[in-house]
Structures are given as structure tokens and as C-alpha cells.
Amino acid sequence: MTFAVHGIAVARGIAIGRAVVVGSGRADVAHYFVKPHEIEAEIERVRVGRDAVVEEIQRLQHTITGMGPKEAPHELSALLDVHLMLLQDEELIDGVKHWISERLYNAEWALTTQLEVLARQFDDMEDDYLRERKADLEQVAERILRYMKGMASPVAQPPTPRRKTQQDLLLDDSVDVPLVLVAHDLSPADMLQFKQSVFAGFVTDVGGKTSHTAIVARSLDIPAVVGARSASQLVRQDDWVIIDGDAGVMIVDPSPIILAEYGFKQRQAELERGRLGRLRHTPAVTLDGQKVELLANIELPEDAATALKAGAAGVGLFRSEFLFMGRKGRMPDEEEQYLGYRRAVEGMEGMPVTIRTVDVGADKPLDESRRDAAHLNPALGLRAIRWSLSEPEMFRTQLRAILRAAVHGPVNLLVPMLAHGSEIRQTLSLIDFARAELDNRGVAYGPVRIGAMIEIPAAALSLRTFLKYFDFLSIGTNDLIQYTLAIDRADESVAHLYDPCHPAVLGLVADTIAECRRQGKDVAVCGEMAGDVQFTRLLLGLGLRSFSMHPAQILAVKQEVLRADAARLEPWARAVVASDDPSQALES
Ligand code: PEP
Ligand code: MG
């Protein structure tokens, strides 16, 4: 039966494919396809893993047989019996075999997929005791996965992405069909793993439009919906689904008529992309001759290639924290960071690269195990520059790496989440300190322009201080909106109140641009607003000439720039900002 699940639209386009439902915390296993001749070896890997865990449990059982009831209570032995029973249940191995041989999933992916299938069956059980056995099933699967981690995979990674877009694929029951990922939650680090993945679209139960998970999804340039509440419960493994990333809807088990309609929309979107592609080499200049700089936001050094391909004039925001995440707390050292930044700088072939110092915390934990449960309001806690200043060794390591990368091309150093004059002065003196350390070691470094993000209302309201110290400012609208309106950007339950058009937000953005222009300082917007064509004319009218966004959005924004007359937009933009209802005035 066809039904729709509504969420928040975060990345444009239509994806049609089979659902891969991933349980919480299971997203970090590898997802790739094996080749037909590798099927047997892959099944064997799970079997060996399973048998090893069975043996481990049997050994444990043997050890506790000789113990008294104090050291080894009866419950322990009963629990081990349950684990053995689950491990030896043929449904587990048969299911794994099915996913590997029919769908060509790699072993870990097949195991977690079958785990999801069985977990659903447990959820549906009437009996409380049996329902609770789901946790045991998860534990045994975890043990097999852990065992398999230690075994070398005979299968070569990385995966071959398969992205067919024709609607008629749905009639094809072969393995070669697009897959869409449906999960309760994905961390930004998980999302990053999917950059080279097999998935043609994503849906998550939680998240807001500018949560970092949504931001990474957008950078993947594939349709995505977040905040779809119980999507991962409603969809079954392998169901056919359509993701409409423009409307924020997932359609499950679509009828032929709906499929035909979305197949048509998909083709239209591809044609539009093709048309926009022709603008790649066109300079971004308004009708009245104003030059506009369209820059890219990137997460990894490799993204520089995508930025170049999209016609970016440089990188306006390199979110360096992605080099730090998902590493089980081990920080990248100076050399590793230097090589990463250098790759991005060289990748941009002489165009400027703005490297933002690490911004972890809130919805970007260093790794999942460190999710900050101790602090009630992590977005207001030790995040971004606050964390860097509390870890001066780590911070200086990063600063040295950035300074060294500046030998290879123009680099701007950008500092996130500053609010206080004392933080500014501390940051600047640590930059001086990092330079002195390199001098002492006799290591070469290059010149950098230093900028601050304006993303806390306090910063936007004390521009004089900021402009005294910094070469340029970059407005982070994602956080500026979050902190001005007291809306957690990652919380879907308040997503309807997250409003870039709130007069207070627009007032802070307008004042920041105006003050920078008055003082002759460069100013950019690097939050999601910069890549949203709905705001291009407004920002141009407010005097903005530097926009930084996901590479995938550059050409659409360029099209708006080419159609705009910046001088004529000025009075209109002022009126929109002064209006009681800017979102309505924006339409006028
Ligand atoms: C912002 O806050 O607008 C921004 C660009 O930074 P991030 O989204 O990484 O917090
Ligand atoms: Mg921010």
C-alpha cells in the first residue's frame, strides 16, 4: 500500500530505489557491493565470525560451570544459552546469505541488514520476555561484527557507486538498482563516510534543516529528507521508496502512476542541471556590472576537486573539524593536518582557501562515544573556539599546520563562535605563539588573512571590536539564527520556528554587511542562506558580494546573480529588512 512520510527537505532532487534501513549506531559499518565471484568468501567471513563467537561463549559456559552461584549466578548461564540459541538460529545466517548472494552486500552490511529484519520481528512480539530478546540479538551481532573487524576482508573496497535514475528500473529485480538509506539518526561523521557510497538518497527520523547531518547530506548532492519522525519504523528493509528532496517527502511502495510522475520529475531535474552546467565558465557579474564571488564550502581536502568542477572562485569555508571526527578521540597530528590543508590549497590551483579552525561540540561530537551527555546544552557549551582555547596544545598544533599550508597558496584563517574580546585576544596571541614555534623550529610558513565568524548575536552587536582585530568577517547564518531565536538547529520539533527571515536575524545580517562595507573590510556569508536562491537577491541588495555554499548550489545562485540588478535591489532589500513580515516582503 502506498503511503507518504513527511519530513524536512534538505537536499534537492528525486531518488527512487530500494530502502536500506539502518538501526541507530549501525551506520558506521562499511557499505559496498561484492562481485559475484566473491559471494562465497563473503558468506564464509560471517560464518567464521559467527562460529568464533559461538566458541567463545561455549568456552565461557565451560568456565562458569565449575563456579559457585556467587561468582556465576544462574542468570548468566541462562543468558549465554540465549545468545547461543540466537547465534545458531538459521534465520540469521540464511538472511545474511540472502543479502550477500541476492543483493551483493558486503558481509558487515548483510549482517546488520538481517539484524534489522529480525529486530522488527522481535518488536512485533506480544510477549514481553521475547520482545526484550532483541537486545541480546543486537549484542551477538555486535560480537560478530567485532570479530570480523579483526579479519582481513578479501574484497577490495571502495564500492562502485550505482546510481541508475530511470524509473523503469523498478521493474527490474536485479541487484543493480539504486538504494536509499533510511535511518533513525546519522552523525555528521557517518554521513561523511557515505561520500563515496552506494546510496542515491537519505532519510532520517531526526534532524533540522541546518543540522550538520543535513549540511553534509547537502554536500553529497543527493536527495535527502531529515526530521521524518518515525520513517525508519514505517519502512521495511528492501521496500521501494521515492525520496522527494524538494518537498521533504518519502513515498513508500509507490503505485505505477506515482512512479511515472516522479520519473518525469527526475528527468526534468536532470535537464535543469544540464542547463545550469553551461554557466560554469560564465563570470558571476550582475546586470549592473557588480562582480560577485561565489565560493565553496567543503568538508574534506578531496572536496576541492568538486569545488573546482562547480566553478567556485575559491573555498570560503573549509570545515576542518571533519578531519578530527570519528577517530575515537585520536587527534590528527600537525603533519597529518598540514598535508590535508595543503592538499586542499593545492587542489584549488591558486584560488584562496579559507580554513576554519576546528568547530566540534553540539551536534558535531568528536566521536559518538564522546557525545556530550554530561552537559545539558551542548550548543551553548564548550564548542568551537571555546573548546580550542581550552585545549591550547591541540589548537596550536592546528594553527601551525594551517600556517605551514599557506606556503602553498593563499590561505585565510577563520575562527568560529567568538563572542568576547578576551577570546579574540587569546586567539590572536596563540596564532603569534604558533608562528614563533615554527620560527624556532626553522619551519617555513606563509602569510594568512585572519577572519572571524559572526554567528553569535553578541558578535554581530559588537562589530567595532571585531573589525578592530580582523581582516575579514564571515557570517554563519546557521548558528546566528539558532542563537538569535533560541532554536536548536538540530531539533526537528522546533524546526518550524527556525526562521532565516525573522526581522531580528535579517537586521543582524544587514548591519554586519553594512558595517564591513563602511570600514572597507571583506565580508562573506557562509551559512546555508548563502546557497539558498530564495535569498540571493536580498543579500545582493544588502551589499553582499561574497557568498560561500555547497558546490552543488553555486550554479543556481550564479543564475540569480546574472539576472539581478544590484543597485535597483538596494531600496527593496532595505524595505524587506525593515518590514514586520520580511518573508512576505521577500515575495514582492
Ligand atoms: C554557520 O553557523 O552558519 C556555519 C557556516 O557554520 P556551521 O554550520 O559549521 O556551524
Ligand atoms: Mg556555525
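Residues numbered from 1 in each chain as written. Chains lettered and ligands numbered in written order. Predicted model: local features only at pLDDT ≥ 70, side-chain atom pairs only at ≥ 80, totals over all residues. Heavy atoms only, no water.

Enquirer: For this particular structure, what's the right way to read the coordination of the magnesium ion (ligand 2)?
Expert: Around a metal, the idealised angle for a tetrahedral arrangement of four donor atoms is 109.5 degrees; for an octahedral arrangement of six donor atoms it is 90 or 180 degrees. The magnesium ion (ligand 2) binds to the protein through Glu455 (OE) and Asp479 (OD), with metal-donor distances spanning 2.0 to 2.1 Å. Note that Glu455 is positioned in the loop between β13 (448-454) and α16 (457-460) and Asp479 in helix α18 (residues 477-485), a separation of 24 residues in sequence. For the pair Glu455 and Asp479, one class covers both residues: buried. (Donors = N, O, S within 2.8 Å, 3.2 Å for Na, K, Ca; no water. Helix = DSSP H or I, 4+ residues; strand = E, 2+ residues; numbered from the N terminus. Buried < 20%, exposed > 50% of the residue type's maximum accessible area, 1.4 Å probe, protein only.)

Enquirer: Sorry if this is basic, but what is going on with the packing of aromatic side chains here?
Expert: One pass over the structure, following the stated rule, counts seven aromatic pairs. A ring pair is formed by Trp109 and Phe199, whose centres lie 5.7 Å apart and whose planes are at 70 degrees; its orientation type is edge-to-face. Residue Trp109 is located in helix α4 (residues 107-123), and its partner Phe199 is located in strand β5 (residues 199-204); the two are separated by 90 residues in the primary sequence. Considered together, Trp109 and Phe199 belong to a single accessibility category, that of buried residues. Among the aromatic residues, those joined into a cluster by ring pairs are Phe33, Trp99, Tyr105, Trp109, Phe199 and Phe202. Geometry around Phe433 places Arg396 over its ring, the cationic atom sitting 4.4 Å from the centre. (Phe/Tyr/Trp six-rings, centres within 6.5 Å; stacked < 30°, edge-to-face > 60°. Lys NZ or Arg CZ within 6 Å of the ring centre and 35° of its normal.)

Enquirer: I keep staring at the site of ligand 1 and nothing clicks. Help me out?
Expert: In the vicinity of ligand 1 lie 17 residues, with Arg319, Arg356, Gly476, Asn478 and Arg489 positioned nearest. In the environment of ligand 1, an oxygen atom lies 2.8 Å from a nitrogen or oxygen atom belonging to the side chain of Arg356. Coverage of ligand 1 by the protein chains reaches 100% of its 290 Å² of free accessible surface. Elements represented by at least two residues in the shell around ligand 1 include exactly α8 (212-220), β10 (315-319) and α18. With three residues, α18 is the single largest residue contributor to the shell around ligand 1. Residues that form the shell around ligand 1 fall into these classes: four nonpolar, five polar and eight charged. (Near = heavy atom within 4 Å. Polar contact = N/O pair within 3.5 Å; in protein donor to acceptor, adjacent residues only side chain to side chain. Areas by Shrake-Rupley, 256 points an atom, 1.4 Å probe, with all protein chains shown as cover. Nonpolar A, V, L, I, M, F, W, Y, C, P; charged D, E, K, R; others polar.)

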